[in-house]
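Listed below, chain by chain, are the residues.
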Amino acid sequence: TDCSPPNAVANVSQYACQRRTTTENHNKIFTDVMEELAESSEFNESKGPCLAFRQAASVLKSLPSAVHCLEAIQGLPCLGEHTKAVMEEILTFGRSFKVEEIRCDERYQALKLFTSVFGVGPKTAEKWYRRGLRSLKEILTEPNIQLNRMQRAGFLYYSDISKAVSKAEAKALGCIIEETVHWIAPDAILALTGGFRRGKEYGHDVDFLLTMPEMGKEEGLLLHVIDRLRDQGILLYCEYQGSTFDVSKLPSCRFEDMDSFQKCFLILRLEQGQVEGERGLQRDPGDSRGWRAVRVDLVAPPVDRYAFALLGWTGSRQFGRDLRTFAQKERQMLLDNHALYDKTKKLCLPATTEKDIFAHLGLEYVEPWQRNA
Ligand code: DCP
Ligand code: MG
């Protein structure tokens, strides 16, 4: 194999927002392991190592070809000694003993299982683990466990929503949401965001952004949409959060925080007959009910915040994280899902499109399908 570093290597930026990362990952054997290591570090609240593994995985995802030897990664940013040791193990033995050890770890297994339930975060998972609980069945049969509404829905629809959503299913849901939204407000603006906007084939949910061309008109829209979905009999679960958006509190630099727009986390019923390619198909006899539950997120920012919300909700998480870090470290600007603030000029920079935001940051525009960092 050719071990000479590809020419492009010297030019790989440490920031994901200066790299183009499609869904085509030539280094999955490394990045899967690193993402598992990152997740395990996250469970141990080791923020530094977690971020380091995520960044390393992200850099490898952006490479135009597979890495066959350690020499080929010389000069690449974000690859520390730890990461290189893991890569060397994979290159030599075809596997990582470190990750295999973690996969066998009882605590890792339990936390991964518990956090796979909608509504269960690392804190709750840890609490259950400490109480000696190890399986979902044990959680459900333990008399002293109080599940909240979201978690009850998470368990109720567990087998459906832990199954990946396909692009065809996302498309079918897009049609339903579009019809519903436009029936209520014909001039509403609706966009698919999240992984499906980045061109992913599968996702854990389907994310949408909606707004109205006239400021303030978006306010009642989301509740109307929810009512209409309920009337159609397809609303299985809804957690609505009103807006806490406050222009006077801009800008913010709470990086990992949820944004404050009006939003809802839904579980919708999708009829298999509505999914392209599944129409008239002979269903698996064990799966004869003909519908599945799907997780859907709807976010409704005011129109003057739309570009920022679109950029944030399109992700990927790593791409967004590096955009914010780049803004702060290289431009003395603060970016979040609501605004871009120039600390030098002491003002918020307006944007109506994502291109405006990249331009303000002095970055080349990166298409959504190139943001799979
Ligand atoms: N996001 C955000 N603010 C939040 C939650 C998410 O800005 N409070 C961003 C980061 C994600 C994107 O929105 O990239 C969508 O969130 P998802 O968790 O749905 O992630 P993806 O759609 O990228 O992946 P998946 O295929 O797992 O759904
Ligand atoms: Mg998503």
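It should be noted that the structure appears before, not after, this text.
All of the points below concern the structure found in this document. Note that the structure is predicted; figures quoted are calculated from it, not measured. (Residues numbered from 1 in each chain as written. Chains lettered and ligands numbered in written order. Predicted model: local features only at pLDDT ≥ 70, side-chain atom pairs only at ≥ 80, totals over all residues. Heavy atoms only, no water.)

1. Examining the coordination of the magnesium ion (ligand 2)
Heads up, the rule is: In this analysis a donor is any N, O or S atom within 2.8 Å of a metal ion (3.2 Å for sodium, potassium and calcium), and since water is not included, sites may seem incomplete. Partly exposed residues are those whose accessible area sits between 20% and 50% of the maximum for their type, while under 20% is buried and over 50% is exposed, using a 1.4 Å probe and protein chains only.
Surrounding the magnesium ion (ligand 2) are the protein donor atoms Asp205 (OD) and Asp207 (OD), which sit 2.0 to 2.2 Å from the metal. For the residue pair Asp205 and Asp207, the accessibility class agrees, reading buried in each case.

2. Description of the site of ligand 1
To keep it simple, the criterion reads: Residues are labelled near a given molecule or strand when at least one of their non-hydrogen atoms is within 4 Å of it. Any pair of nitrogen or oxygen atoms within 3.5 Å is treated as a polar contact; in protein, a donor-acceptor pairing is required on top of that, and neighbouring residues in sequence qualify only through side-chain atoms on both sides. Starting at the N terminus, helices and strands are each numbered in turn, a helix being any DSSP run of H or I of at least four residues and a strand any DSSP run of E of at least two. Polar here means any residue other than Ala, Val, Leu, Ile, Met, Phe, Trp, Tyr, Cys and Pro, which are nonpolar, and Asp, Glu, Lys and Arg, which are charged; Gly is therefore polar. Residue ranges for the domains trace back to a domain assignment, done automatically or taken from a database.
Surveying the vicinity of ligand 1 reveals 15 residues, the closest of which are Gly195, Lys200, His204, Asp205 and Met258. Residue Arg198 places a side-chain N or O atom 2.9 Å away from an oxygen atom belonging to ligand 1. At a separation of 2.8 Å, an oxygen atom of ligand 1 approaches a polar side-chain atom of Arg317. Among the elements of the structure, α11 (194-197) and α13 (306-314) are those that each provide at least two residues to the shell around ligand 1. In terms of residue class, the shell around ligand 1 is built from two nonpolar, eight polar and five charged. When residues of the shell around ligand 1 are sorted by domain, at least three fall in each of domain 3 (165-302) and domain 4 (311-370).

3. Focus: the pattern of salt bridges
A side chain of one charge can pair with a side chain of the opposite charge when the charged atoms of the two come close. Threshold: For this analysis, a salt bridge means a side-chain nitrogen from Lys or Arg found within 4 Å of a carboxyl oxygen belonging to Asp or Glu.
One pass over the structure, following the stated rule, counts 24 salt bridges. One salt bridge connects Arg95 with Glu100, and the closest N-O pair in it is separated by 2.9 Å. Note on Arg95: relative accessible area 41%, which makes it partly exposed. In the salt-bridge network here, residues are joined through shared partners; they are Arg107, Glu126 and Arg130.

4. Concerning helix α1 (residues 28-43)
This is how the line gets drawn: Each residue after the first adds 1.5 Å to the expected span of a helix. Whether two residues are in contact is decided by their heavy atoms: any pair within 4.5 Å suffices.
Across its 16 residues, α1 extends 22 Å between first and last C-alpha, which sits within 8% of the 22 Å expected from 1.5 Å per residue. When α1 is considered as a whole, its buried residues turn out to be Phe30, Thr31, Val33, Met34, Glu36, Leu37, Ala38, Glu39, Ser40, Ser41 and Phe43. Each element contacted by the buried residues of α1 is listed here: α2 (47-61), α3 (81-93), α4 (97-104), α5 (106-115) and α6 (122-130). Downstream of α1 by one or two residues, Glu45 has phi in the positive range, about 55 degrees.

5. Some remarks on the packing of α2 against helix α14 (residues 317-331)
We count it as follows: Each axis is a line fitted through C-alpha atoms, taken for helices only over the stretch in contact, and angles between the N-to-C directions span 0 to 180 degrees. Angle categories are assigned with fixed cut-offs, so that under 35 degrees is roughly parallel, over 145 is roughly antiparallel, 65 to 115 is roughly perpendicular, and the rest are oblique.
In contact at an axis separation of 11 Å, α2 and α14 are set at 105 degrees when each is read in the N-to-C sense. The angle between α2 and α14 places the two elements in the roughly perpendicular class. The residues of α14 that touch α2, namely those facing Leu51, Arg54, Gln55 and Ser58, are Gln318, Arg321 and Asp322. For the contact of α2 with α14, a count of residues per class yields one nonpolar, three polar and three charged.

6. Overview of unusual backbone geometry
Generally, phi is negative for residues other than glycine and the peptide bonds are trans, each holding for most cases. Look at the link from Gly315 to Ser316: it is a cis peptide, with omega at -5 degrees. Relative to the elements of secondary structure, Ser316 occurs in the loop between α13 and α14. Here the phi dihedral of Cys78 falls at roughly 65 degrees; this positive angle occurs in a residue that is not glycine. If you trace the backbone, Cys78 turns up in the loop between α2 and α3. Using a relative accessible area of 27% as the deciding quantity, one classes Cys78 as partly exposed. Within the chain, Gln332 stands out as a residue other than glycine whose phi angle is a positive 50 degrees. In this fold, Gln332 is placed in the loop between α14 and β8 (333-335). A relative accessible area of 39% places Gln332 in the partly exposed class.

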